[in-house]
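# Architecture and fold: a report
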Amino acid sequence: MSKTPVRVAVTGAAGQIGYALLFRIASGEMLGKDQPVILQLLEIPDEKAQKALAGVMMELEDCAFPLLAGMEAHADAMTAFKDTDYALLVGARPRGPGMERADLLAANAQIFTAQGKALNAVASRNVKVLVVGNPANTNAYIAMKSAPDLPAKNFTAMLRLDHNRAASQIAIKTGKPVSAIRKLTVWGNHSPTMYADYRFATIDGASVQAMINDQDWNANVFLPTVGKRGAAIIDARGLSSAASAANAAIDHMRDWALGTNGEWVTMGVPSNGEYGIPQDIVFGFPVTCEGGEYRIVEGLEIDAFSQTCIDKTLAELQGEQDGVRHLL
Ligand SMILES: NC(=O)C1=CN([C@@H]2O[C@H](COP(=O)(O)OP(=O)(O)OC[C@H]3O[C@@H](n4cnc5c(N)ncnc54)[C@H](O)[C@@H]3O)[C@@H](O)[C@H]2O)C=CC1
Ligand SMILES: O=C([O-])CC(=O)C(=O)O
């Protein structure tokens, strides 16, 4: 018997990430090739944006996806999020050259108070929320705090693009396939302060740290390359990353919903005090997923270099949080 369709809300559906994301959700890459979906698409109530969204929907129709069980255009979060099982909050202003993601806080924070409230009012009580719009961690925190009737653990931020970027840099450095890398993680904020950590990573059971054995490369090449990759793409393309961001969003939601078979992935999730990160800070952690739930990998040793990196990215997040306190 075929499965009951699930509802997937996507905001910023007519934007560049939306265009790289929706077709993959509708084809079953996110929730499985046997899971029908109903897309509930949100764009701003602006004639041009709604017209562009209508065009994207025409294209979705023209793909004749067997799993696309329905599709709706919305200009109001209160209708877009009705009964939704998954919510991908992409719609927000992207940064341009010379900006940091935190510079977007003033422009984007209010979007996430409104959308958190709407999720609180009308979404499925089990809704899984992924915040992509920047600054993603703090926007996820804002949405979570604006939705007091939903479990805090349902709100996550996208660190998966950073995780995937780190994996590719390690694959290039070691000459091994990216698919062989296990136990990699990225701690903290989706910003240049993030700490991509391969101390526990293995390739075919062997330690990646021992294989690379170069702390200078770690500190002065690897971490800045991963941390500043978003800016490098803006510099090269004139636009922020879109296809790789959409790909990471698919990876994040797929793993959360369908599980990771014991493998580690990175998700930005509200802390319960793990690794000394204060309660509710949305922080990149290593997690495993099973049965639709993520679990933070605990008990990892944090050495002095790593602690310094974690303290720095935490301090930045706390600063962002202080800056939005008036909205909550
Ligand atoms: N967390 C991550 O790893 C990444 C995050 N991003 C962020 O994702 C966001 C979207 O990026 P793009 O798609 O490239 O931008 P874009 O400008 O192409 O599209 C954004 C879309 O969101 C819509 N929008 C704005 N406010 C909205 C609201 N309140 N409700 C619904 N829709 C709304 C806009 O009309 C626009 O169509 C940006 O904030 C960007 O910085 C981008 C790449 C990676
Ligand atoms: O850098 C940006 O502004 C877009 C983004 O978050 C990324 O590519 O990681």
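On a predicted model such as this, the values are computed, not experimentally measured, just so you know.

## Details of unusual backbone geometry
- Residue Pro135 is reached from Asn134 by a cis peptide bond, and omega for that bond is -10 degrees.
- Positionally, Pro135 belongs in the loop between β5 (128-131) and α5 (136-145).
- Backbone geometry places Asn261, a non-glycine residue, at a positive phi of 50 degrees.
- Structurally, Asn261 is set in the loop between α10 (243-258) and β12 (265-270).
- For Asn261, a relative accessible area of 78% puts it in the exposed group.
- Phi at Asp280 takes a positive value of approximately 80 degrees, unusual for a residue other than glycine.
- With respect to the element layout, Asp280 can be found in the loop between β12 and β13 (282-290).

## So, the UniProt feature "domain: Lactate/malate dehydrogenase C-terminal" (unreviewed entry) in the protein
- Listed under "domain: Lactate/malate dehydrogenase C-terminal" (unreviewed entry) in the UniProt record, and renumbered for this structure, are residues 160-321.
- Along residues 160-321 one finds 47% helix and 19% strand; the C-alpha atoms at either end are 21 Å apart.

## Some remarks on the UniProt feature "binding site: substrate" (unreviewed entry) in the protein
- Under the UniProt annotation, "binding site: substrate" (unreviewed entry) lies at Arg95, Arg101, Asn134 and Arg165. Lining the largest pocket, from the residues named above, are Arg95, Arg101, Asn134 and Arg165.
- Tracing the backbone through its elements, the reader meets Arg101 in the loop between β4 (86-89) and α4 (105-122).
- Leaving out residues up to four positions away in the same chain, Arg101 has contacts with Arg95, Asn134, Pro135, Arg165, His190, Ser191, Pro192 and Gly230.
- Mapped onto the elements of the fold, Arg165 is located in helix α6 (residues 160-174).

## Comments concerning the site of ligand 1
- Taken together, 25 residues sit near ligand 1, with Gln16, Glu43, Arg93, Val132 and Asn134 positioned nearest.
- Take Gln16: an N or O atom from its side chain is 2.8 Å from an oxygen atom of ligand 1.
- When ligand 1 sits alone it has 880 Å² of accessible area, and the protein chains cover 86% of it.
- More than half of the atoms of ligand 1 fall within 2 Å of the grid points belonging to the largest pocket.
- Within the residue set of the shell around ligand 1, elements represented by two or more residues are α1 (16-26) and α4.
- Here the shell around ligand 1 is composed, by residue class, of 13 nonpolar, 10 polar and 2 charged.
- Two domains each provide a minimum of three residues to the shell around ligand 1, namely domain 1 (6-156) and domain 2 (159-324).

## Some words on the site of ligand 2
- Taken together, the residues surrounding ligand 2 are Arg95, Arg101, Asn134, Leu161, Arg165, His190, Gly230, Ile234, Ser240 and Ser241.
- Note that an oxygen atom of ligand 2 is positioned 2.8 Å from one of the side-chain N or O atoms of Arg165.
- A distance of 2.6 Å is found between an oxygen atom of ligand 2 and a side-chain nitrogen or oxygen belonging to His190.
- With respect to the pocket detection grid, ligand 2 is positioned in the largest pocket.
- Mapped onto the shell around ligand 2, the elements with two or more residues apiece are α6 and α9 (229-237).
- When grouped by side-chain class, the residues that make up the shell around ligand 2 number 2 nonpolar, 5 polar and 3 charged.
- For the shell around ligand 2, the domains that each give at least three residues are domain 1 (6-156) and domain 2 (159-324).

What counts as what
- Residues numbered from 1 in each chain as written.
- Chains lettered and ligands numbered in written order.
- Predicted model: local features only at pLDDT ≥ 70, side-chain atom pairs only at ≥ 80, totals over all residues.
- Heavy atoms only, no water.
- Helix = DSSP H or I, 4+ residues; strand = E, 2+ residues; numbered from the N terminus.
- Buried < 20%, exposed > 50% of the residue type's maximum accessible area, 1.4 Å probe, protein only.
- UniProt positions renumbered as here; feature names shortened; annotations may be inferred.
- 1 Å grid on protein atoms, 1.4 Å probe; cavity = no way out; pocket = protein on both sides within 12 Å on 5 of 7 lines; lining within 4 Å.
- Contact = heavy atoms within 4.5 Å.
- Near = heavy atom within 4 Å.
- Polar contact = N/O pair within 3.5 Å; in protein donor to acceptor, adjacent residues only side chain to side chain.
- Areas by Shrake-Rupley, 256 points an atom, 1.4 Å probe, with all protein chains shown as cover.
- Sits in = over half its atoms within 2 Å of the grid points.
- Nonpolar A, V, L, I, M, F, W, Y, C, P; charged D, E, K, R; others polar.
- Domains from an automatic or database assignment.

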